[in-house]
There are 2 protein chains.
Amino acid sequence: MLCKIPNPPYYAVIFTTLQSDNTEGYLEMAKQMEDLVSLQKGFLGFDSARDKVGITVSYWKDLESINLWRNNMEHQAAKQTGKEQWYKDYTLRIAKVERQY
Amino acid sequence: MLCKIPNPPYYAVIFTTLQSDNTEGYLEMAKQMEDLVSLQKGFLGFDSARDKVGITVSYWKDLESINLWRNNMEHQAAKQTGKEQWYKDYTLRIAKVERQY
């Protein structure tokens, strides 16, 4: 299922990753973060796809909600392991969705 | 390789798809569109990943460049086949990238 959100504007966090060869614990943590993010204030949904490159786009009501999630302690621990172990490279972009079709 | 673009703001076109079972001609067309889009004015790069869901995020200098690409004849033909044959569902979002890390 694709994520459907009515009425822009809202925000998108575009997270692109190149996975390293050491993926131990990655799937468990990804599942845990999915469960956790869905409880966050202002979270609207997400889409995710992975082959060599991984792209997860999460959608948010406003920048304040994104900042709260970025500072969430459990999320920070997952990000730390991501940087040190799971990802060869990653980019995080914060964008304001203005139109959709 | 992940796409790296200096200095936001710029624009992102977030294209999410659910592929149908009829994928005949899809890979050829996807490759053709990749070659074509890279020649467009204002095109900055793209990231793409696919499993059950496909996500392609292309990056653009401004909204005008995005509109020119949306109106490109060959691109329109590809989109038409996508709607009729390759995709069960899709969403296109246009977003302004404000920050990146």
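Let us look at the structure shown here. Keep in mind it's a predicted model, so treat the numbers as computed, not measured.

### A word on the interface of chain B and chain A
Now for step 1: Between chain B and chain A, the residue contacts involve 27 residues of the former and 27 residues of the latter.
Now for step 2: Taken together, the elements giving at least two residues each to the side of chain B that touches chain A come down to strand S1 (10-19), strand S2 (43-50), strand S3 (53-60) and strand S4 (87-100) of chain B.
Now for step 3: For the side of chain B that touches chain A, the element with the most residues is S4(B), which contributes eleven residues.
Now for step 4: Residues belonging to the side of chain B that touches chain A are distributed by class as follows: 13 nonpolar, five polar and nine charged.

### Looking at unusual backbone geometry
Now for step 1: Cis rather than trans, the peptide bond between A:Pro8 and A:Pro9 has omega equal to 5°.
Now for step 2: Structurally, A:Pro9 is set in the segment before strand S1 (10-19).
Now for step 3: The backbone of B:Asn7 shows a phi angle near 55°, a positive value even though the residue is not glycine.
Now for step 4: Within the secondary structure layout, B:Asn7 lies in the segment before S1.

### Details of the sheet that holds S1(A)
Now for step 1: One open sheet holds the eight strands; their spatial order is S2(A)-S3(A)-S1(A)-S4(A)-S4(B)-S1(B)-S3(B)-S2(B), and the pairing between them is antiparallel. The open sheet has two edge strands with one neighbour each: strand S2 (43-50) of chain A together with S2 of chain B. In this sheet, neighbouring strand axes are inclined to one another by 25° on average, regardless of whether the strands run parallel or antiparallel.
Now for step 2: Relative to strand S3 (residues 53-60) of chain A, S1(A) is paired through eight bridges, and the arrangement is antiparallel. Within S3(A), the position partnered with A:Phe15 by the bridge is A:Thr56.

### Regarding the pairing of strand S4 (residues 87-100) of chain A
Successive side chains on a regular strand alternate, one facing one side of the sheet and the next facing the other.
Now for step 1: Where S1(A) lies against S4(A), ten bridges are found, and the strand directions are antiparallel. Within the sheet, the bridge partner assigned to A:Ala12 lies in S4(A) and is A:Ala95.
Now for step 2: The pairing of S4(A) with S4(B) spans seven bridges and is classified as antiparallel. Bridged to A:Ile94 within S4(B) is B:Arg99.

### Thoughts on the relation of the copies chain B and chain A
A rotation about an axis combined with a shift along that same axis relates the two copies of the chain.
Now for step 1: Once turned by 180° and shifted 0.0 Å along the axis, chain B lies on chain A with an RMSD of 0.0 Å. What we have between these two chains is a two-fold relation.
Now for step 2: Of the interface residues in chain B, 100% have counterparts in chain A that sit at the interface too, so the contact is made through matching surfaces.

### Focus: helix H3 (residues 73-86) of chain A
Now for step 1: The first and last C-alpha atoms of H3(A) sit 19 Å apart over 14 residues, in line with the 20 Å expected at 1.5 Å per residue.
Now for step 2: For H3(A), a buried count of one out of 14 residues is recorded, marking the element as mostly open to its surroundings.

### Regarding the nonpolar core
What tends to happen in soluble globular proteins is that the nonpolar side chains get buried as a cluster.
Now for step 1: Counting 26 residues, the largest nonpolar core has A:Tyr11, A:Ala12, A:Ala95, B:Tyr11, B:Ala12 and B:Ala95 as its most contacted members.
Now for step 2: Mapped onto this core, the elements with two or more residues apiece are S1, S3 and S4 of chain A together with S1, S3 and S4 of chain B.
Now for step 3: If sequence neighbours within four positions are ignored, B:Ala95 has contacts with A:Ala12, A:Ala95, A:Lys96, A:Val97, A:Glu98, B:Tyr11, B:Ala12 and B:Ile14.

### Section: the packing of helix H1 (residues 26-37) of chain A against H3(A)
All names here are of chain A.
Now for step 1: At a closest axis distance of 11 Å, the pairing of H1 and H3 adopts a crossing angle of 150°. As the angle between them shows, H1 and H3 are arranged roughly antiparallel. The crossing of H1 and H3 is left-handed. Residue-level contacts link Tyr-26, Met-29, Met-33 and Leu-36 of H1 to Glu-74, His-75, Ala-78, Thr-81 and Trp-86 of H3.
Now for step 2: In the contact of H1 with H3, the residues fall into six nonpolar, two polar and one charged.

The rules behind these values
Residues numbered from 1 in each chain as written. Chains lettered and ligands numbered in written order. Predicted model: local features only at pLDDT ≥ 70, side-chain atom pairs only at ≥ 80, totals over all residues. Contact = placed C-beta atoms within 7 Å. Helix = DSSP H or I, 4+ residues; strand = E, 2+ residues; numbered from the N terminus. Nonpolar A, V, L, I, M, F, W, Y, C, P; charged D, E, K, R; others polar. Pairing = 2+ DSSP bridges. Axes fitted to C-alpha atoms, helices over the stretch in contact; angles between N-to-C directions. Least-squares fit on C-alpha atoms with pLDDT ≥ 70 in both. Expected span 1.5 Å × (residues − 1). Buried ≥ 20, exposed ≤ 12 C-beta atoms within 10 Å, placed from the backbone. Core = buried A, V, L, I, M, F, W, Y, C linked by C-beta atoms within 7 Å. Parallel < 35°, antiparallel > 145°, perpendicular 65-115°, else oblique. Left-handed = near helix turned anticlockwise from the far one by under 90°.

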